[in-house]
Amino acid sequence: MDTIIKAPQALKAKVMLWTDVTYHDMEEIDKIQSIPDLESAFCSVLGVDLPEPRKGVLLELYVQTVLFCREHSFSKEQTSALLSIIKSIHEANVETPLNNSEECFKYCRELLLCHSVRRPPFSINLFKSEEVNCVLTYIHNNYMRHYKLYKYVFTPQVKLDLSLSYSGPPTVEDSSVPAVEDVTDTEAVPKKDGTSSETQQASITAAAGVTSELKALIEQEVREHMTRVSGQLDQRIKEIASQHSSALDSSQNHKAKK
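Below is a short write-up of the structure. Throughout, residues of each chain are indexed from 1 in the direction in which the sequence is written. Confidence filtering applies because this is a predicted model: local features only for residues at pLDDT of at least 70, side-chain atom pairs given and counted only at 80 or more, and all residues used for totals across whole chains, interfaces and linings. Water and hydrogen atoms play no part in the side-chain values, which are based on all heavy atoms of the structure.

**Side note on the pairing of strand S1 (residues 116-119)**
Thought 1: Alignment of S1 against strand S2 (residues 123-125), held across two bridges, turns out to be antiparallel. Among the inter-strand pairings, Ser-116 is bridged to a residue of S2, identified as Asn-125.
Thought 2: Between S1 and S2, which pair antiparallel one after the other, the connecting turn spans three residues. Following DSSP output, two strands are said to pair if at least two bridges run between them. Secondary structure elements follow DSSP: runs of H or I of four or more residues count as helices, runs of E of two or more count as strands, with numbering from the N terminus.

**A word on the pattern of salt bridges**
Thought 1: Think of a salt bridge as a Lys or Arg side-chain nitrogen and an Asp or Glu carboxyl oxygen that are within 4 Å of each other. On inspection of all chains with the given rule, the structure shows four salt bridges.
Thought 2: As a salt-bridge pair, Asp-20 and Lys-87 come within 3.7 Å of each other at their nearest N and O atoms. Separated by 67 residues along the polypeptide, Asp-20 in the segment before helix H1 (23-31) and Lys-87 in helix H4 (residues 76-94) bring together distant segments of the chain.

**A look at the environment of Glu-91**
Thought 1: Tracing the chain through its elements places Glu-91 in helix H4.
Thought 2: Exposure classes here rest on a 1.4 Å probe applied to the protein chains alone. A residue is buried below 20% of its type maximum, exposed above 50%, and partly exposed in between. What makes Glu-91 partly exposed here is its relative accessible area of 39%.
Thought 3: As for Glu-91 and Lys-151, which are separated by 60 residues in sequence, their C-alpha atoms are 10.0 Å apart.

**Brief notes about helix H6 (residues 129-142)**
Thought 1: In a helix, the anticipated span is given by 1.5 Å times the number of residues less one. In this model, H6 (14 residues) spans 20 Å end to end at C-alpha, consistent with the 20 Å of a helix rising 1.5 Å per residue.
Thought 2: All of the buried residues along H6 are Val-132, Val-135, Leu-136, Tyr-138, Ile-139 and His-140.

**So, unusual backbone geometry**
Thought 1: Note the cis peptide between Glu-52 and Pro-53, where omega equals 5 degrees.
Thought 2: Here Pro-53 shows up in the loop between helix H2 (35-45) and helix H3 (54-71).
Thought 3: The residue after Pro-120, namely Pro-121, is reached through a cis peptide bond having omega 0 degrees.
Thought 4: With respect to the element layout, Pro-121 can be found in the loop between S1 and S2.
Thought 5: We note that Trp-18 has phi near 60 degrees; this positive angle belongs to a residue other than glycine.
Thought 6: Within the chain, Ser-73 stands out as a residue other than glycine whose phi angle is a positive 55 degrees.
Thought 7: Tracing the backbone shows Ser-73 in the loop between H3 and H4.

**Digging into the nonpolar core**
Thought 1: Counting residues in hydrophobic clusters, the biggest one holds 53 residues, and the most contacted among them are Phe-42, Tyr-62, Leu-82, Ile-89, Leu-112, Val-135 and Ile-139.
Thought 2: Taken together, the elements giving at least two residues each to this core come down to H1, H2, H3, H4, helix H5 (101-114), H6, helix H7 (147-154) and helix H9 (213-257).
Thought 3: Per element, the largest residue contribution to this core is eight residues, and it comes from H3.
Thought 4: Two residues form a contact once any of their heavy atoms are found within 4.5 Å. Ignoring anything within four residues of it in the chain, the contact list for Ile-89 reads Cys-104, Tyr-107, Cys-108, Leu-111, Ile-139, Tyr-143 and Met-144. Here, nonpolar core refers to any group of buried Ala, Val, Leu, Ile, Met, Phe, Trp, Tyr and Cys residues whose side-chain atoms link them within 4.5 Å.

**Structural notes on the layout of surface pockets**
Thought 1: Here the largest pocket defines a volume of roughly 190 Å³.
Thought 2: Lining the largest pocket we find Val-57, Glu-60, Leu-61, Gln-64, Tyr-138, Asn-142, His-146, Leu-149, Tyr-150 and Val-153.
Thought 3: Counting residues per element, the ones that place at least two in the lining of the largest pocket are H3, H6 and H7.
Thought 4: Looking at which element gives the most residues to the lining of the largest pocket, the answer is H3, with four residues.
Thought 5: Gly counts as polar in this scheme, as do all residues outside two lists: the nonpolar Ala, Val, Leu, Ile, Met, Phe, Trp, Tyr, Cys and Pro, and the charged Asp, Glu, Lys and Arg. Broken down by class, the residue content of the lining of the largest pocket amounts to six nonpolar, three polar and one charged.
Thought 6: Taken as a whole, the second largest pocket holds about 160 Å³ of empty space.
Thought 7: Along the walls of the second largest pocket sit twelve residues, with Arg-54, Val-94, Phe-154, Thr-155 and Pro-156 positioned nearest its centre.
Thought 8: Grouping the amino acids of the lining of the second largest pocket by side-chain chemistry returns seven nonpolar, two polar and three charged. Of the grid points, spaced at 1 Å and generated over the protein atoms alone, those admitting a 1.4 Å probe that cannot get out make up cavities, while open sets with protein on both sides within 12 Å along at least five of seven lines make up pockets; any residue with an atom within 4 Å of a point is treated as lining. Grid points are joined across faces, edges and corners, and a volume is the space filled by probe spheres set on the points.

In structure tokens form, the structure reads like this:
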């Protein structure tokens, strides 16, 4: 049976508070201390029912996320949202065996933006600026750096079978067949009455002109806030990528000297 391969697609971020893990679920998870019990809880809460080794890899990802949240004293709301963010990034990664790292990183950035700026119902300020940087570093070090490993474990391998066949020289076209000339439809297209469209345009213009000054100020403030936070995330992503590249170069140079 052939497997249908999906092409990488752009994903739209949304608020994920209580999306996968409810408040009641978080109360039960906060009571659990042992890792095996946490894994059992995630099998029930997130419906993890996969064959090994996929099941173990996914459960470890969720458990490490909870331990990270506890280490940084995140609230139930923040932990629930981060679990859903990790789950969504992972699902975006493994939905296709093709390379979609750029789409996943962009999706991660937009998800964090949705949870760090107050703009209901499109986004909420669940994480502060320092917490966003901390979460971004965690996601990069614990998932995006191992992006290809997760894809290898959770997606089928794609093999290309290429076959070529030679059918001989091309045949000469029969000159006796008359050429088909393009036929242009000369029927006149009736013009539409522009009265109704002009009336609609005038109505739209009038409606746009009644936008209040208060609404314009609020929208400007929100846009400036979104731009500022987005710029901070972009800068942080560049810094993390630069640090990662420097670490790899240093490791390679050290091995070369040996």
